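# Residue-level structural notes
Spelled out from the first residue to the last, the chains are:
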Amino acid sequence: MGLVEEIKRRKTFAIISHPDAGKTTLTEKLLLFGGAIQTAGAVKSNKIKKTATSDFMEIERQRGISVATSVMGFEYKGIKINLLDTPGHKDFAEDTYRTLTAVDSVILVIDGANGVESQTERLIEVCRMRDTPVIVFINKMDRESKDPFDLLDELEAKLNIRVRPLSWPINMGDRFKGVYNIYEKNLNLFSPNKTKISEDIIQFDDLNNPQLDEVIGDDADKLRADIDLIEGVYDPFDVQAYLDGKIAPVFFGSAINNFGVKELLDTFIRIAPQPLGRLTSTRFVKPEEEKFSGFVFKIHANLDPKHRDRIAFLRIVSGKFERNKFYHHVRLNKEMRFSNPTSFMAQDKSVIDEAFPGDVVGLYDAGNFKIGDTLTEGENMFFKGIPSFSPELFKELINKDPLKSKQLEKGIEQLTDEGVAQLFYLQPGNRKIVGTVGDLQFEVIQYRLEHEYKAACSFTPMPYHKACWITSTNPQKLNEFIQRKQQNIGWDKDNNPVFLAPSEWLLNLAKQDYPDVTFHATSDFKTRIV
Ligand code: G4P
């Protein structure tokens, strides 16, 4: 098969949701359909349970699960599907944001009873920034849920995206009878079954067919009225508007009962985008270009403490990736080859000889990679849009054992390269400020520094509210700002100045007082030069 055919048969996506909406359950059902697993219950949830926040072993165990399920590849109807896992816990939201840079579309799972929850809003915001196509699956219709029309209104209002139902539930909870597939014009009747796939499909080209009353009784008239209303209110489904990230098709179902999942998957393989190109610091790279290129979006420490190596996850953007071939590590200006690149099929890992755009390969690495690194066949360019977001919690890292300061330095450098947290230096004194999006990361850092690097540390909270990267077209004005705000200026690992704002109010004041300085909430503005 040639490069173009390989690209055409691939779809790379992520499932996102608020914890407990059913992401793990849906993932498992998709893998069942794809034949990648044989029985339900094989995929472990990678969510860190609320009760486990101070249980380090639990964190380690969870890390192990999440590396195994980082990428789940499976085949369905001739399509190679790469499903990238995203951590459910909100303290790891930044991990999720970065994973979203490596996919071409997402499926959003909503709990029908809870509607749109807080974490969902933020995740979709990140998708909207990049116009990532979204399909919505409203789950748990076997339970009492919100009214489906209210759910659609809530999606539009809270997620700021237009929606278009492609299936419609017939009642809910105990009275849930099934789903009408608006797209295919057929009725899928509900028979709760956690392991088998429902086949009870009846074609209804005309909903006025009296047979409908025989099949679903009193609910028939309600369904007719609902569908009339939908066809009146919503425009016909426009695939291009979905691909442009402007409209989200919506499906209803019950993941645990395998209901509505096939409709979702069949539509997904038909409409979801094939691997897309990406913008670099110099030009746009198309997937079908002959020359290989890709970027690292995630780094995971090896679980085996005897080996300090890590796995860097590389998304292939263009060309064919080959084992043992030399590639150019752009940031380090270094040629590297990989003797055992790994692919992931559900729970299994295997060494691969080649991989194509849309695929994710795991590269064993002894510390050469940082998140955002680019590999090419020689061209000097960086893939853009793998941002660091402003952290929300800041603490100073204090070395508890002066004899181990080298280990501590190395440890915190490597952990922040992995993207566990962000590191800023305060001058004078090279004080280290660690910024995270959640408290859990501080525990992870402390634990890992102690166990992997034998360095003891403690943290002192710092009263910062936000970190904003600062730039200006006028170097003199930038310098003036840095001099005036010295107490609150940190330097990131690439030596870019960052304003550590004590409060939103003082940040706004600084923006007013220094109109020549631009404040960036993400590090995306950086175009790094080799
Ligand atoms: P997450 O990954 O998004 O956090 O959610 P997960 O799939 O773990 O599902 C959260 C809970 O919701 C689980 O119950 C799961 O069984 C249940 N669930 C998922 N889909 C459906 C559905 O369609 N209908 C109903 N009624 N429940 C659903 P749990 O009690 O937390 O865990 P478990 O003991 O069942 O594993």
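Heads up: the structure comes first, above all this text.
Residues numbered from 1 in each chain as written. Predicted model: local features only at pLDDT ≥ 70, side-chain atom pairs only at ≥ 80, totals over all residues. Heavy atoms only, no water.

### Things to note about helix 2 (residues 23-33)
Residues spaced three or four apart along an α-helix face the same direction, because each turn holds 3.6 residues. Among the 11 residues in helix 2, 9 count as buried, and that is most of the element. Among all positions in helix 2, only Lys23, Leu26, Thr27, Glu28, Lys29, Leu30, Leu31, Leu32 and Phe33 are buried. Check the buried side of helix 2 and you find it contacts strand 1 (10-17), strand 2 (71-76), strand 3 (79-84), strand 4 (105-111), strand 5 (134-139) and helix 10 (261-271). Note on helix 2: the residue one or two positions beyond its end, Gly35, has a positive phi of about 70 degrees. (Buried < 20%, exposed > 50% of the residue type's maximum accessible area, 1.4 Å probe, protein only. Helix = DSSP H or I, 4+ residues; strand = E, 2+ residues; numbered from the N terminus. Contact = heavy atoms within 4.5 Å.)

### Overview of the nonpolar core
Counting 62 residues, the largest nonpolar core has Val136, Ile138, Leu155, Trp168, Tyr180, Leu187 and Leu223 as the members making the most contacts within it. Residues lining this core come from more than one domain, with at least three contributed by each of domain 1 (3-42 + 50-271) and domain 2 (278-376). (Core = buried A, V, L, I, M, F, W, Y, C linked by side-chain atoms within 4.5 Å. Domains from an automatic or database assignment.)

### Topic: the pairing of strand 11 (residues 247-252)
Counting buried positions along strand 11 yields 6 of 6 residues, so the element is predominantly enclosed. Of the two faces of strand 11, the one carrying Ile247, Pro249 and Phe251 and the one carrying Ala248, Val250 and Phe252 are both buried. Sheet analysis places strand 5 next to strand 11, joined by 3 bridges and oriented parallel. Paired with Ile138 across the two strands is Phe252, which belongs to strand 11. As paired strands, strand 6 (residues 162-165) and strand 11 are joined by 4 bridges and run parallel to one another. (Pairing = 2+ DSSP bridges.)

### Observations concerning the sheet that holds strand 10 (residues 201-203)
Consider a sheet: its strands pair through backbone hydrogen bonds, and that pairing is either parallel or antiparallel. One open sheet holds the 4 strands; their spatial order is 7-8-9-10, and the pairing between them is antiparallel. Strands with a single pairing partner mark the edges of an open sheet, and in this sheet they are strand 7 (167-170) and strand 10. Within this sheet the neighbouring strands show an average axis-to-axis angle of 25 degrees, counted without direction. As paired elements, strand 9 (residues 186-189) and strand 10 share 3 bridges and run antiparallel to each other. Of the residues in strand 10, the one forming a bridge with Asn186 is Gln203. This element, helix 8 (residues 219-233), spans strand 7, strand 8 (178-181) and strand 9 of the sheet and lies at about 155 degrees to strand 7. (Axes fitted to C-alpha atoms, helices over the stretch in contact; angles between N-to-C directions.)

### Describing the packing of helix 4 (residues 93-101) against helix 5 (residues 118-129)
The interhelical angle for the contact between helix 4 and helix 5, taken along N-to-C directions, is 30 degrees, at an axis separation of 10 Å. Comparing their axes, helix 5 and helix 4 come out roughly parallel. Crossing hand, helix 4 versus helix 5: right-handed. Across the interface between the two elements, Thr96, Tyr97 and Leu100 from helix 4 touch Arg122, Leu123, Val126 and Cys127 from helix 5. Its residues placed into classes, the contact of helix 4 with helix 5 shows 5 nonpolar, 1 polar and 1 charged. (Parallel < 35°, antiparallel > 145°, perpendicular 65-115°, else oblique. Left-handed = near helix turned anticlockwise from the far one by under 90°. Nonpolar A, V, L, I, M, F, W, Y, C, P; charged D, E, K, R; others polar.)

### Some details on the site of the ligand
The ligand sits among 17 residues. The nearest are Asp20, Lys23, Thr24, Thr25 and Ser254. Take Thr25: an N or O atom from its side chain is 2.5 Å from an oxygen atom of the ligand. Protein chains bury 66% of the 710 Å² of accessible surface belonging to the ligand in isolation. For the shell around the ligand, the element with the most residues is helix 2, which contributes 3 residues. (Near = heavy atom within 4 Å. Polar contact = N/O pair within 3.5 Å; in protein donor to acceptor, adjacent residues only side chain to side chain. Areas by Shrake-Rupley, 256 points an atom, 1.4 Å probe, with all protein chains shown as cover.)

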